[in-house]
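# A structural walkthrough
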Amino acid sequence: MFFFGKKSARRTLAKSKMINPPVGGARRLAAQKSRISSGKFFYWAALLSFIGATVYSLFFSQLLAVTVVEVQGAEKINPKSIKAEINLALSGKYLNFLPKNNILFTNQNKINRLLADRFKLIDNLEIKKKFPNSLILSLIEKKPRLILYSFGQDYIIDDKGIAYAKSDFESEIFPENELVILEDTSGRKIEEKSEVLSPDYINFILDSKVKLKKDLNFEIKPLITTSSIAAGYITAETIDGWKIYLSKDIGVEKEMEMLKLVLDDKIGREKTSELEYIDLRTKNKIYYKFKNTEQKAGN
């Protein structure tokens, strides 16, 4: 009985200790909780500071502002004009607080369309971003070969034979004395931004003018006419006032041989000023006419 009572007393003491822990242990527990709370506060404060600094650096600071625009491939177009257009497009802010010149927000397709509309001479344009602050523009310009005159309208013809309204281009880019002018008298309708002359026909026109000067020493007036683009005909007029009818189907080399032959063997160089025309459009046949005389033929 005494043993049972002693055991019961021990249990009561143990429970008492569990219910009422020592004062020192409670303090240590409170201090530990305080340290954990402080650690969480500093962790979240550091995380929010990092996020804030990152957001500011990415979207609001000048770290990613486009400050360098490099233009590659410009020949006729002034690179300064391209840079000015881009700087204007990237000025201001989106929603009154996001800077447009941030490289992350720079829309390459939008800039491409803007420059293609502003500079008609651009044939192809590629825009690349170079972090943190640069745009690299690689462009290919249209290559004007001649001016086509039809129905009172002037068109620039590029090396692919595509027609563009001459009014779209700055006059200082294409001085008329640098380009051959082809007048189409056939009444054919010209579709802008479509192929109206074949590259072979363009080369034939330009090569004919060069060969007449280089091989035969004939100065040709800037204006060349055609009665039929489809047939490949052209008419060149010398500064002496007589005309030479040529055909793409015969070919420049063959026609220069025919012209030299008829001048040396039939007409005589000293009489060229008396000519009205020489027609080389028929294979192995040469027709020529002096002013106020009948047409003659030579083989």
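As shown above, the structure is provided for reference.
Since this is a predicted model, take the numbers as computed values, not measurements.

Here we take up the packing of helix α3 (residues 79-89) against helix α4 (residues 108-118). Running from N to C, α3 and α4 cross one another at 135°; their axes reach a closest spacing of 11 Å. If you check the angle between α3 and α4, you find them oblique. At the point where α3 passes α4, the crossing takes the right-handed sense. Across from I82, E85, I86 and A89 in α3, the residues of α4 making contact are I111, L114, L115 and R118. Tallied by class, residues from the contact of α3 with α4 come to 6 nonpolar, no polar and 2 charged.

Scanning the entire structure with this criterion turns up 4 aromatic pairs. The interplanar angle of 90° and the centroid separation of 6.1 Å between the aromatic rings of Y288 and F290 together place this pair among those described as edge-to-face. Each member of the pair, Y288 as well as F290, carries the same accessibility label: buried. The lysine or arginine in question, R118, covers the ring of F119, its NZ or CZ lying 4.6 Å from the ring centre. Sitting over the face of the ring of Y164, K142 holds its NZ or CZ atom 4.7 Å from the ring centroid.

Residues other than glycine predominantly adopt negative phi, and peptide bonds predominantly adopt the trans conformation. Looking along the chain, the bond that leaves F131 and enters P132 is cis, with omega of 10°. Along the chain, P132 falls in the loop between β4 (122-130) and β5 (134-141). Even without a glycine there, the phi angle at F151 is positive, about 55°. Considering the arrangement of structural elements, one finds F151 in the loop between β6 (144-150) and β7 (153-158). Using a relative accessible area of 62% as the deciding quantity, one classes F151 as exposed. At N217, a residue that is not glycine, the phi angle is positive and equals roughly 60°. Mapped onto the secondary structure, N217 falls in the loop between α5 (199-214) and β10 (223-226). According to the relative accessible area criterion, N217 is exposed, its value standing at 56%.

The next point concerns the pattern of salt bridges. This structure, assessed with the given rule, holds 13 salt bridges. Linking E253 and K211 is a salt bridge whose minimum nitrogen-to-oxygen distance equals 3.1 Å. Taken together, the residues E253 in helix α6 (residues 252-267) and K211 in helix α5 connect sequence positions 42 residues apart. Judged by its relative accessible area of 47%, E253 falls in the partly exposed class. Given a relative accessible area of 22%, K211 falls into the partly exposed group. The partner of D279 in a salt bridge is R281, with the nearest N and O atoms 2.9 Å apart.

To continue, consider the sheet that holds strand β1 (residues 68-72). Backbone-to-backbone hydrogen bonds pair the strands of a sheet. The strands run either parallel or antiparallel. In spatial order, the strands read β1-β5-β4; together these 3 strands make up an open sheet with mixed pairing. Of all the strands in the sheet, the pair left with one neighbour each is β1 and β4. With strand direction ignored, the average angle separating the axes of adjacent strands in the sheet is 20°. Inspection of the sheet shows β4 paired to β5 by 8 bridges, in the antiparallel sense. Following the sheet pairing, E126 is matched in β5 by S138. Sheet strands in contact with α3 are β1 and β5, and its direction is about 140° off that of β1. Along the sheet face, α4 touches β4 and β5 and points at about 150° away from the line of β4.

The buried fraction of strand β9 (residues 180-184) amounts to 4 of the 5 residues, a majority that puts the element mostly inside the structure. Alignment of β6 against β9, held across 4 bridges, turns out to be parallel. Looking at the pairing, I147 lines up with I181 of β9.

Attention now goes to a nonpolar patch on the surface. Together, Y94, L95 and F97 give the surface a local cluster of nonpolar side chains, amounting to about 320 Å² of exposed area. Inspection of the secondary structure assignment puts F97 in the loop between β2 (93-94) and β3 (98-99).

Turning to the environment of R113, a few remarks are in order. By the element assignment, R113 lies in helix α4. For the pair R113 and L125, spaced 12 residues apart in sequence, the C-alpha separation works out to 9.5 Å.

Another aspect to go through is α5. Over its 16 residues, α5 runs 22 Å from end to end, which matches the ideal 22 Å to within 8%, given 1.5 Å per residue. Taken as a whole, α5 has its buried residues at Y201, I202, F204, I205, L206, S208 and L212.

Procedures and definitions
Residues numbered from 1 in each chain as written. Predicted model: local features only at pLDDT ≥ 70, side-chain atom pairs only at ≥ 80, totals over all residues. Heavy atoms only, no water. Axes fitted to C-alpha atoms, helices over the stretch in contact; angles between N-to-C directions. Helix = DSSP H or I, 4+ residues; strand = E, 2+ residues; numbered from the N terminus. Parallel < 35°, antiparallel > 145°, perpendicular 65-115°, else oblique. Left-handed = near helix turned anticlockwise from the far one by under 90°. Contact = heavy atoms within 4.5 Å. Nonpolar A, V, L, I, M, F, W, Y, C, P; charged D, E, K, R; others polar. Phe/Tyr/Trp six-rings, centres within 6.5 Å; stacked < 30°, edge-to-face > 60°. Buried < 20%, exposed > 50% of the residue type's maximum accessible area, 1.4 Å probe, protein only. Lys NZ or Arg CZ within 6 Å of the ring centre and 35° of its normal. Salt bridge = Lys/Arg side-chain N within 4 Å of Asp/Glu carboxyl O. Pairing = 2+ DSSP bridges. Patch = residues over 30% accessible without salt bridge, like charges linked within 9 Å, V, L, I, M, F, W, Y side chains within 5 Å. Areas by Shrake-Rupley, 256 points an atom, 1.4 Å probe, with all protein chains shown as cover. Expected span 1.5 Å × (residues − 1).

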